[in-house]
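# Residue-level structural notes
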Amino acid sequence: MESILVLTHADEIGAALSKGSLEAVTAGLEMATRIGAPLSLGVVAGKIENLSNSLPSGVARVLAVSGEAFAQPRYASDAASCEAICRAANATIILAPQSSRFARVMGGVAQRLGGLIDTHITAIGGSDFVEVSRWFYRQRVEAVLKREARPWLLLLDSGTHAAYSGEMGSIKTEQIPVELPAMRTTVTGQKAPKQDEQTIRPDAKLLFVAGAGWTKKQPDGQVHADEARGLILKFLRASGASLGSSKSLVDQGGDGSSVLPFLTHLNQVGQTGSTPRHAKGLSTCCHGEEPHAVGWRFIGERRAISLDPNCGWTRGKADVVYVADAFKVMAKVNEMLAKKG
Ligand SMILES: Cc1cc2nc3c(=O)[nH]c(=O)nc-3n(C[C@H](O)[C@H](O)[C@H](O)COP(=O)(O)OP(=O)(O)OC[C@H]3O[C@@H](n4cnc5c(N)ncnc54)[C@H](O)[C@@H]3O)c2cc1C
């Protein structure tokens, strides 16, 4: 019989489980109900006391590794803590979020346990046998995998399950002892761009895509790059949207004429870019050609603003297309957001 462990970690401030962890909890609870298997929760955190009132109810056991050494991500301590929890739980299926913290250690943990790992899992199904789905070949081919090897570690892509929002409670936790190896890495702090400089926001509800049209000559015969930059930044700050781009626009950065200095190839959405997951997407000044629109596969509701009534978006790639001037529309949207506060 299977037994399931959901491995989780605290968020950056250590006050709750990370969002990805709560998504893994949802996946674990669904799976436990479907296959009728017991479910344990593993937690890696600096201070487990800080989380004790915010752990999901409905799990058989909570196994925790906590202490100063586990407050920050670090390969040696994270791999040791995850290995210790997995051994104590003795689970056959181990679910964990595909967070940057866990993605880099779980391959090593699987190796230490003599198990196997599959990453980027987007769905879990099956009742007699557990089946998991992941996408290959730049999200074009979806595969359903089964394995007999156990333990089987599964890293879940973020945004594929709703974050657990059920009952939370003060649950008795079992402290799992960990023997730490000699550690060469000391975590002295974290350096990250300020929130409003960070334009790629995987947790945002909205993806805002900027296309090359922002840099093109407008009906008055002029380029309005400064205005474009101002409108886009203002919208990103007010809405908290994640910034995506077409290839044509990011490629201009390489030629030294970037309209958005903070735009890099990491923002590029599409066949040779990323395939982000957001509830909604708004494309602006972008033609919506297939190599770009293919990156919108996991965007729930798609809208576009384009001057061209024959653009790709109007040919079935978007739910709603505004054939309009994006400069005017976004100025109006910003005005409305400012009034809303
Ligand atoms: C192998 C391959 C891989 C590729 N991979 C990718 C990829 O990963 N991602 C990607 O994006 N592209 C990719 N491309 C390129 C893709 O085919 C397109 O060339 C690119 O997406 C076009 O970018 P764009 O729509 O921003 O620019 P354009 O085609 O120049 O379109 C600009 C649009 O802006 C509109 N516009 C201008 N001014 C305004 C205004 N004021 N208001 C509203 N609309 C306005 C215009 O009408 C036009 O429709 C790839 C191509 C190939 C061959």
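Please read all numbers here as calculations on a predicted model, not as lab measurements.

About the thresholds
- The residue numbers shown here count from 1 along each chain, following its written sequence.
- Where totals are concerned, whole chains, interfaces and linings use all residues; where local detail is concerned, this predicted model gives features only for residues with pLDDT of at least 70, and gives and counts side-chain atom pairs only at 80 or more.
- For side-chain calculations, the full set of non-hydrogen atoms in the structure is used, while hydrogens and water are omitted.
- Angles here are taken between N-to-C directions and fall from 0 to 180 degrees, while the axes themselves are lines fitted to C-alpha atoms, restricted in helices to the stretch in contact.
- To qualify as a helix, a DSSP run of H or I must reach at least 4 residues; to qualify as a strand, a run of E must reach at least 2; elements of each kind are numbered from the N terminus.
- Throughout, the term roughly parallel applies to angles under 35 degrees, roughly antiparallel to angles over 145, roughly perpendicular to angles from 65 to 115, and oblique to all others.
- Should the near helix be turned counterclockwise from the far one by less than a right angle, the crossing is left-handed, whereas a clockwise turn marks it as right-handed.
- By definition, residues are in contact when any of their heavy atoms lie within 4.5 Å.
- In these notes, a set of buried Ala, Val, Leu, Ile, Met, Phe, Trp, Tyr and Cys residues joined through side-chain atoms within 4.5 Å is what counts as a nonpolar core.
- Here the term buried applies to any residue with accessible area under 20% of the maximum for its type, exposed to any over 50%, and partly exposed to those in between, with areas from a 1.4 Å probe on protein chains only.
- At least two DSSP bridges between two strands are needed for those strands to be called paired.
- Any residue with a non-hydrogen atom lying within 4 Å of a molecule or strand is treated as near it.
- Any pair of nitrogen or oxygen atoms within 3.5 Å is treated as a polar contact; in protein, a donor-acceptor pairing is required on top of that, and neighbouring residues in sequence qualify only through side-chain atoms on both sides.
- What sets the accessible areas is the Shrake-Rupley method with a 1.4 Å probe; for residues, cover comes only from the shown protein chains.
- Each residue is assigned to one class: nonpolar for Ala, Val, Leu, Ile, Met, Phe, Trp, Tyr, Cys and Pro, charged for Asp, Glu, Lys and Arg, and polar for all the others, Gly among them.

## Overview of the packing of helix α2 (residues 75-89) against helix α3 (residues 100-113)
Two elements in contact, α2 and α3, have axes separated by 9 Å at closest approach and are oriented at 50°. In this view, α2 runs oblique relative to α3, as classed from their interaxial angle. In this structure, α2 meets α3 at a crossing whose hand is right-handed. Contacts from Tyr75, Asp78, Ala79, Ala80, Cys82, Glu83, Cys86 and Arg87 in α2 reach Arg101, Phe102, Arg104, Val105, Met106, Gly108, Val109, Arg112 and Leu113 in α3.

## A look at the nonpolar core
If you look at the biggest cluster of nonpolar residues, it comprises 32 residues, and the most contacted ones within it are Val43, Leu95 and Ile124. Counting residues per element, the ones that place at least two in this core are β1 (4-9), α1 (19-35), β2 (39-45), β4 (61-66), β5 (93-97) and β10 (152-156). When residues of this core are assigned to their parent elements, the largest contribution, seven residues, is made by α1. Sequence-distant contacts of Ile124, that is, excluding residues within four places in its chain, are made with Ala27, Met31, Arg34, Leu95, Val130, Glu131, Val132 and Leu156. Core analysis: the next-biggest nonpolar cluster, separate from the first, contains 24 residues, Ala84, Cys86, Ile94 and Leu113 among them.

## Brief notes about the pairing of strand β16 (residues 299-306)
Pairing of strand β15 (residues 278-284) with β16, which is carried by six bridges, proceeds in the parallel orientation. Residue pairing for β16: Lys280 is matched across the bridge by Glu301. Of the pairings in the sheet, the one linking β16 to strand β17 (residues 320-323) comprises four bridges and is parallel in character. Bridge assignment links Ala304 to a residue of β17, and that residue is Val321.

## A short note on the site of the ligand
The local shell around the ligand holds 28 residues, among which Ala212, Lys216, Ser246, Thr272 and His287 are the closest. One of the side-chain nitrogen or oxygen atoms of Ser246 is found 2.5 Å away from an oxygen atom of the ligand. Gln271 is positioned with one of its backbone polar atoms (N or O) 3.0 Å from an oxygen atom of the ligand. Notes on the ligand: free accessible area 990 Å², of which the protein chains cover 78%. When contributions to the shell around the ligand are tallied by element, the ones reaching two or more residues are α5 (247-254), α6 (290-293), β16 and α7 (326-340). Classifying every residue of the shell around the ligand by side-chain character gives ten nonpolar, 13 polar and five charged.

Keep in mind these numbers describe shape, not what the thing actually does.
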